[in-house]
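Chain by chain, the residues run as shown.
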Amino acid sequence: MPLEGGRCSISSLACATLGAYLHSGSLLLVTDLRCSVDVDIDIPAIVAIGWQSAGKSSLIEAISGIKLPRASGTCTRRVTHIQQILTCPTECQLEQAGTPWKCEVSLRFSHGADGNPLPTTLTVPFGPTITDKLEVTERIQRAQRAILNQSSPPDNFLFGAGTDYTKSEIPFSSNCIVLRISGSDVTDLNFIDLPGLFSGGQDNEMKLIRKLAVSYIQKPSCIILLTVACETDFVNQGAHRLAREHDPSSDRTTGVLTKPDRIPATEEENWLRFIRGDREETTWFCVKCPSTQAIDSGITWEQARAAESEFFRSTPPWSTLEDAYRQKLRTENLTACLSDKLCKWIADRLPDIQRDLSRLLEKTNQELKDLPPPPSSAPMSEILRLITEFTRAVEKQGEGEPGRDGLLQQIRPWQEKFRVAIRKTAPCFVPRFRTKPARVTSVPSPVCVEYGLYDASESPRPSDIELDDGKEIFIDDVLETAEWAVTRELPNNYPFIVQREYIIERVNEWDKPAQTLFNSIVEKLKEMTLCIIDTHFEHYTHGGLKERVCNIVTTHLELCAKETSKRIEFLLQVEREPSTQNKHYFKDYRRKFLALYKGLFHTHSNDAFIERLQGRGSQSSQFNSALDGIIANLAKIGFRDVKPLELAALQSSEEADDALKIMADVRAYFQVAFKRFVDNIPKAIDELLVLGLAKGLQDALVNGLGLDSPDAHERCTRLLAESPHIAGRRERLIARQSRLERAQGEAVNVLV
């Protein structure tokens, strides 16, 4: 790769394009993006890591041309306190310019004193522009103190005495010192120098330094500048393991060997293998930085570079390396390669950066949209709007919303269960004597259907009346009850109290299914209203608005439920006094049930008359002709629409007639009352509770929130008070939105 004046000449089309970018401001764009949106998206950067005493500070000095703070007697640490001299990241922004050398120092705060991210990154200038390289070291020392004592204004550390590193609020910080260096002898390059890794100190300090390093090098756009000292066994230097952990393929890592003058004579070949690429996939360079004695004697940057060139030119085995490998020696070649690599990285990443900015800006805008609006300047109007929208949402659910999640759709299965439960309370009359041999084991449902006692399409179909289940009421039982009810009646006359007792016994079983239906709907309404409250008042918890609304709505629902419960009790009480104006319906069912019971009573008499009537299709033509004639003649004398099975009522059953009539009376009335009750209870609940909940709800909220009180404005202001968490989140999102929009505009300008 040709090198000119310490700067990279890029041959590929992408890098050539980026070379033009560099001169038109793309490197400055990345620098600006790092200052504004580095916390939001991944921005390309070179990050220097290394183990303690690996010569990283000397390497950074060699690249940047400035002198970093050093501890007395060590490279980057105090011997007695195990205190890192480089206590925070330092970003060097190097720019080749046709102007005299200068350095601008600033402090970049991305985290607060508590370690939490700030809403927006703050960059604070730290002192006037420096034009003398000798002044940079002290300025960095003072900047470090300002970073580590964030509770004090930075200017407190800019002038006067007081650069003692042992006096600080925190030992390390992720906030950054930024050095913007420009001049005619400066190479275009950006890199970040991190505090050195170490062992043997405080465990929490080691973890902090490692965590800080990982936060940088784990990013896909980070180029890792790995520093390894030749005086220490390679496998014992943990920085290499950390780099491989986060860059297994070594695509992002460039290695630097330091202190080649300290390699024992017999081990030089081991280190040359890195330069030749025989040991590592990583591309390795080697530099020779000044010794501590040379630094203390005041060696200049130019003298140091000349001494480095002389070392590699005249010192074997470095001086005997092939030309291809000699390009990997000296700071100048390393700097050129890093500049080349960063240039290509930026060229490849710029379109992705623009996409990331657009994606993140869209996400930020959506998050802002999802937040509740800031507290209104007209709080009463705002609360009225909220409760009106809430009341309308409750009303719509009561009226019915299409879809399986609708309130009415979820109530419907409970209404069906209620209907089935009431129907199951029908008296189980068995038209035979308990003391006589069984003539029937069950009342089959097809018979009931054929008699018109049930709708043939009804689901579920009525079950057979199975005997011997303890619920049967035989003729004997009915007659016994009737006899005990007789007072002054004539023979074969039984008072209505017999039928009434059976009816009330059935009605008393209706209370539990009605309460079950009522309780289920009340719980569903509570669940539904809480869900709607969450939707409309989710962000109004801090001032207590959501809680107040919840309490008011709960009280209103309880009042509606209480009124509904009274209506259910009223309807139950009404049913305990048997009566009906639907006489035709009752008489029709009485006639059908009486025919059914008589037919079943005579099931095994008259040559199985019932079975013959049921199976007339298989009977003789003579039987069917006679049957048709009977039905036709009955119609002539006024008995119309007589079904064949109803002829069973003509059979004589004198010993059981009275009981069968009572059975038919009770069973017919149950049918009338059952159909009435399974309509009336759901309708009452629907009117008073489901639809009734929305009635008066808005008035209850207006009164309960005190919107009609003299101090309504103050009340509403307190109720709408915004949570500090939401206010802080809005502030952070607005700050992010602003910096993303600014960065997006800058990126577009570069790509145009």
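In this text, all values refer to a predicted model and were calculated from it rather than measured experimentally.

Caption draft 1: Region of the structure containing the overall build of the protein chain. In terms of regular secondary structure, the protein chain is built from 25 helices and 15 strands. For the protein chain, buried positions account for 50% of its 752 residues. Within the protein chain, contacts between residues at least 6 apart in sequence are counted, and of these 79% link residues at least 24 apart. Just so you have it, the protein chain exposes about 36,400 Å², and 51% of that area is on carbon and sulfur atoms.

Caption draft 2: Representation of the packing of helix 18 (residues 545-575) against helix 22 (residues 657-690) in the model. One way to put it is that helix 18 packs onto helix 22 with a least axis distance of 9 Å and a crossing angle of 165 degrees. Viewed along their axes, helix 18 and helix 22 adopt a mutual orientation that is roughly antiparallel. Where helix 18 crosses over helix 22, the two elements pack in a sense that is right-handed. For the pair helix 18 and helix 22, contact is made by Leu 557, Cys 560, Ala 561, Glu 563, Thr 564, Arg 567, Ile 568, Leu 571, Leu 572 and Glu 575 and by Tyr 669, Ala 673, Arg 676, Phe 677, Asn 680, Ile 681, Ala 684, Ile 685, Leu 688 and Leu 689, respectively. Class assignment for the residues of the contact of helix 18 with helix 22 results in 14 nonpolar, two polar and four charged.

Caption draft 3: Quick look at the sheet that holds strand 5 (residues 102-111). Spatial strand order, 6-5-7-4-8-3-9-10-11: nine strands in an open sheet with mixed pairing. Unpaired on one side and paired on the other, strand 6 (117-125) and strand 11 (283-286) mark the two borders of the sheet. Adjacent strand axes in the sheet meet at a mean angle of 25 degrees, parallel and antiparallel pairs treated alike. Against the sheet, helix 3 (residues 56-64) makes contact with strand 3 (45-50), strand 4 (90-96), strand 7 (176-183), strand 8 (189-193), strand 9 (222-229) and strand 10 (253-258), and its axis sits at roughly 160 degrees relative to strand 8, the strand it touches most.

Caption draft 4: Representation of the pairing of strand 8. Where burial is concerned, most of strand 8 is hidden: five out of the five residues are buried. Residues Leu 189, Phe 191 and Asp 193 of strand 8 are buried on one face, and the alternating residues Asn 190 and Ile 192, pointing to the opposite face, are buried as well. Examined bridge by bridge, strand 3 and strand 8 share three bridges and lie parallel to one another. For Ala 48, the partnering residue across the bridge sits in strand 8 and is Asp 193. In the sheet, strand 4 pairs with strand 8 via five bridges, with the strands oriented antiparallel. Residue pairing in the sheet places Glu 91 in a bridge with Ile 192 of strand 8.

Caption draft 5: Spatial organisation of the pairing of strand 4. Of all seven residues making up strand 4, five are buried, and the element is well covered by its neighbours. Bridge count for strand 4 against strand 7 is seven bridges, and the pairing is parallel. Counterpart to Gln 96 in the pairing with strand 7 is Gly 183.

Caption draft 6: How the structure looks around the nonpolar core. The biggest cluster of nonpolar side chains holds 80 residues, and the ones touching the most others in it are Ile 383, Phe 390, Ile 475, Leu 545, Ile 681, Leu 689 and Leu 705. When residues of this core are assigned to their parent elements, the largest contribution, 18 residues, is made by helix 22. Sequence-distant contacts of Ile 383, that is, excluding residues within four places in its chain, are made with Leu 545, Leu 705, Leu 707, Cys 716, Leu 719 and Leu 720. With 52 residues, the next largest nonpolar core counts Ala 62, Cys 88, Phe 109 and Leu 225 among its residues.

Caption draft 7: Representation of helix 12 (residues 379-399) in the model. In a regular helix each residue adds 1.5 Å, so 21 residues correspond to 30 Å; helix 12 covers 30 Å between its end C-alpha atoms and thus fits that length. Along helix 12, the positions that sit buried rather than exposed are Pro 379, Glu 382, Ile 383, Leu 386, Ile 387, Phe 390, Thr 391, Val 394, Gln 397 and Gly 398. The arc enclosing the buried residues of helix 12, seen along the axis, measures out at 160 degrees, which places them on a common side. Two residues or fewer past helix 12, Gly 400 is found with a positive phi of approximately 115 degrees.

Caption draft 8: Representation of the pattern of salt bridges in the model. In the structure shown here, the tally under the stated rule is 36 salt bridges. The salt bridge partner of Arg 392 is Glu 399, with a shortest N-O separation of 3.5 Å. According to the relative accessible area criterion, Glu 399 is partly exposed, its value standing at 49%. Linked through salt bridges whose partners overlap, the residues forming this network are Glu 231, Lys 259 and Arg 262.

Reading the values: the criteria
- Residues numbered from 1 in each chain as written.
- Predicted model: local features only at pLDDT ≥ 70, side-chain atom pairs only at ≥ 80, totals over all residues.
- Heavy atoms only, no water.
- Helix = DSSP H or I, 4+ residues; strand = E, 2+ residues; numbered from the N terminus.
- Buried < 20%, exposed > 50% of the residue type's maximum accessible area, 1.4 Å probe, protein only.
- Contact = heavy atoms within 4.5 Å.
- Areas by Shrake-Rupley, 256 points an atom, 1.4 Å probe, with all protein chains shown as cover.
- Axes fitted to C-alpha atoms, helices over the stretch in contact; angles between N-to-C directions.
- Parallel < 35°, antiparallel > 145°, perpendicular 65-115°, else oblique.
- Left-handed = near helix turned anticlockwise from the far one by under 90°.
- Nonpolar A, V, L, I, M, F, W, Y, C, P; charged D, E, K, R; others polar.
- Pairing = 2+ DSSP bridges.
- Core = buried A, V, L, I, M, F, W, Y, C linked by side-chain atoms within 4.5 Å.
- Expected span 1.5 Å × (residues − 1).
- Arc of directions from axis to C-beta.
- Salt bridge = Lys/Arg side-chain N within 4 Å of Asp/Glu carboxyl O.

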